[in-house]
Each structure stands twice: as structure tokens, then as C-alpha cells.
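# Per-entry structural report
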Amino acid sequence: MAAIKITQKREVAVRVQRAVDDLDDTIRQIRSSIFALQATGDEESLRSRVHALVDSAAEQLGFSPSVRLDGLLDTAVDEETGEQLLAVVREALSNVARHAHAGEAVVAIDVGDDLTLRVEDDGVGIGEGGRRSGLRNMTDRAEGCGGSCTTRPRPGGGTILAWRVPLKDG
Ligand SMILES: Nc1ncnc2c1ncn2[C@@H]1O[C@H](COP(=O)(O)OP(=O)(O)OP(=O)(O)O)[C@@H](O)[C@H]1O
Ligand SMILES: [Mg+2]
């Protein structure tokens, strides 16, 4: 009687040990999957790419623009729209660096029904007339997706560039 119990106990112990080993394997796999997802997801997310792009413009600008990101940038903005956004942020900041003589700039992105970008600087403002190249390009990118791009004087001096495109899934 006692002998049977011991044998049964051993069998149970062996089974439990196997289950624990399997669980350890599973946990290891899940951990490495999470790590892989974080590694790629984080560096390549639109949010990270916006921050990296703005950081990289700081040298040319002579200051670090502040960045405000609102809404589900990483999930609600498709790849192609994200590329457009990055190109427009790049051109807008290059304009600030080369033409504005600004001391500050703000990059504000909001994701709602539309994707909106606002780039504000406290520089000299955009003069009348003159050639339009980057500005034309930013307008074309917006209008190509059913959106718009405008510039207006910033109260207190400088420029506000407002770029907007609709998002397919609202
Ligand atoms: N943030 C700004 N502050 C002051 N002036 C600006 C600003 N952005 C644009 N401008 C003025 O508007 C003009 C047109 O800008 P646009 O980006 O179209 O062309 P560009 O910057 O001169 O040339 P490119 O974009 O081809 O390098 C600029 O030459 C500049 O005079
Ligand atoms: Mg330009």
C-alpha cells in the first residue's frame, strides 16, 4: 500500500517537473518574442522617428524644438502617410533653420479624424512673393491625400505652418 503510494507520488512528481520545464520553455520564448517586438517596434515607430528627426534638426537650428504628440500616432497612421508626415516635418524644420532666424520652434502633431501637423517658429516670418519650392512640395503632398497646407504669421512674430491630411480609418 505504502509502496504504491510512493510510486504514484514519483510519477506525479515527474509529470509536474515536465510541466514546469515546458512552462519555462514557453516563458523563455515569450520573453524573447516581446524583446524582439520592442526592439523593432520602438526604433521604427512613427513616434520614435519623429523624435529622431527633430533631434537631428537641432544642430542646424541651433536649438531643440519642442515636440508635442497627441493621439494614436503609431497605430492610426498608415506607413505611406507616416512617410509624408516625416518628409514635411523635415522640410518645415529646414525652412525654419535656413530662413526664419528663430530662437524657438514647436512641432505639434495630433491624430484624430485627421492627421495634423503644426510647425511654429518665432522668427522673421515669410515675406510676400518669392519662389516657392519646399512650400509647394508640402502643399502637393497634402493635396495628393485630400488635405491642405497653409502658412500664416504667428501672433507675436514668426510663422505657423499647418499641414493636414485625412486618415482613412477616421
Ligand atoms: N519658417 C520660415 N520663416 C521665414 N521664412 C520662410 C519660412 N519658410 C519659408 N520661408 C520663406 O519662403 C520661401 C519659400 O520657401 P520654400 O520652402 O518654398 O523654398 P526654399 O526653402 O527657399 O527652397 P527649397 O525648399 O527648395 O530649399 C523661402 O525662400 C523663405 O524666404
Ligand atoms: Mg524650403
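About the criteria used
Residues numbered from 1 in each chain as written. Chains lettered and ligands numbered in written order. Predicted model: local features only at pLDDT ≥ 70, side-chain atom pairs only at ≥ 80, totals over all residues. Heavy atoms only, no water. Near = heavy atom within 4 Å. Polar contact = N/O pair within 3.5 Å; in protein donor to acceptor, adjacent residues only side chain to side chain. Areas by Shrake-Rupley, 256 points an atom, 1.4 Å probe, with all protein chains shown as cover. 1 Å grid on protein atoms, 1.4 Å probe; cavity = no way out; pocket = protein on both sides within 12 Å on 5 of 7 lines; lining within 4 Å. Sits in = over half its atoms within 2 Å of the grid points. Helix = DSSP H or I, 4+ residues; strand = E, 2+ residues; numbered from the N terminus. Nonpolar A, V, L, I, M, F, W, Y, C, P; charged D, E, K, R; others polar. Buried < 20%, exposed > 50% of the residue type's maximum accessible area, 1.4 Å probe, protein only. Arc of directions from axis to C-beta. Contact = heavy atoms within 4.5 Å. Axes fitted to C-alpha atoms, helices over the stretch in contact; angles between N-to-C directions. Parallel < 35°, antiparallel > 145°, perpendicular 65-115°, else oblique. Left-handed = near helix turned anticlockwise from the far one by under 90°. Donors = N, O, S within 2.8 Å, 3.2 Å for Na, K, Ca; no water. Expected span 1.5 Å × (residues − 1). Domains from an automatic or database assignment.

With that settled, the discussion passes to the site of ligand 1. Near ligand 1 there are 14 residues, and of these Asn 95, Arg 98, His 99, Ser 133 and Leu 135 occur at the shortest range. At a separation of 2.6 Å, an oxygen atom of ligand 1 approaches a polar side-chain atom of Ser 133. Take Gly 134: an N or O atom from its main chain is 3.0 Å from an oxygen atom of ligand 1. For ligand 1, whose unbound accessible area comes to 600 Å², protein coverage reaches 81%. The pocket occupied by ligand 1, as judged from atoms lying within 2 Å of grid points, is the largest pocket. For the shell around ligand 1, the secondary-structure elements that each account for two or more residues are helix 4 (79-100) and helix 5 (134-144). It is helix 4 that contributes the most residues to the shell around ligand 1, 5 residues altogether. Taken together, the residues that form the shell around ligand 1 break down as 3 nonpolar, 6 polar and 5 charged.

Moving on, we get to helix 5. Of all the positions in helix 5, only Gly 134, Leu 135, Met 138, Thr 139 and Ala 142 are classed as buried. Seen from one end, helix 5 has its buried residues packed into an arc of 140°, which puts them on one side. Residues of helix 5 that are buried make contact with helix 4, strand 4 (148-153) and strand 5 (159-166). The first or second residue beyond helix 5 is Gly 146, which carries a positive phi of 80°.

The next subject is the packing of helix 4 against helix 5. Contact pair helix 4 / helix 5: the axes reach a minimum separation of 10 Å and the direction vectors enclose 160°. Classed by the angle they form, the pair helix 4 and helix 5 counts as roughly antiparallel. Relative to helix 5, the crossing made by helix 4 is left-handed. Across from Gln 84, Ala 87, Val 88, Glu 91, Ala 92 and Asn 95 in helix 4, the residues of helix 5 making contact are Gly 134, Leu 135, Met 138 and Arg 141. When grouped by side-chain class, the residues that make up the contact of helix 4 with helix 5 number 5 nonpolar, 3 polar and 2 charged.

Here we take up the coordination of the magnesium ion (ligand 2). Within the first shell, the magnesium ion (ligand 2) binds the protein through Glu 91 (OE) and Asn 95 (OD1), at distances of 2.1 Å. Of this pair, Glu 91 and Asn 95 both sit in helix 4, separated by 4 residues, roughly a single helical turn.

Moving on: helix 2 (residues 46-61). Here helix 2 spans 22 Å end to end across 16 residues, near enough to the 22 Å set by a 1.5 Å rise per residue. Looking only at helix 2, the buried set comprises Leu 46, Val 50, Leu 53, Val 54, Ala 57, Ala 58 and Leu 61. The buried residues of helix 2 occupy one face: seen down the axis, they fall within an arc of 160°. In helix 2, the exposed positions angled more than 90 degrees off the buried face are occupied by Asp 55, Ser 56 and Glu 59.

As a further point, take the domain arrangement of the protein. When the parts come together, some accessible area is lost, and that loss is often what is quoted as the size of the interface. Its domain assignment divides the protein into domain 1 (1-42) and domain 2 (45-166). The distance between the C-alpha centroids of domain 1 and domain 2 comes to 52 Å.

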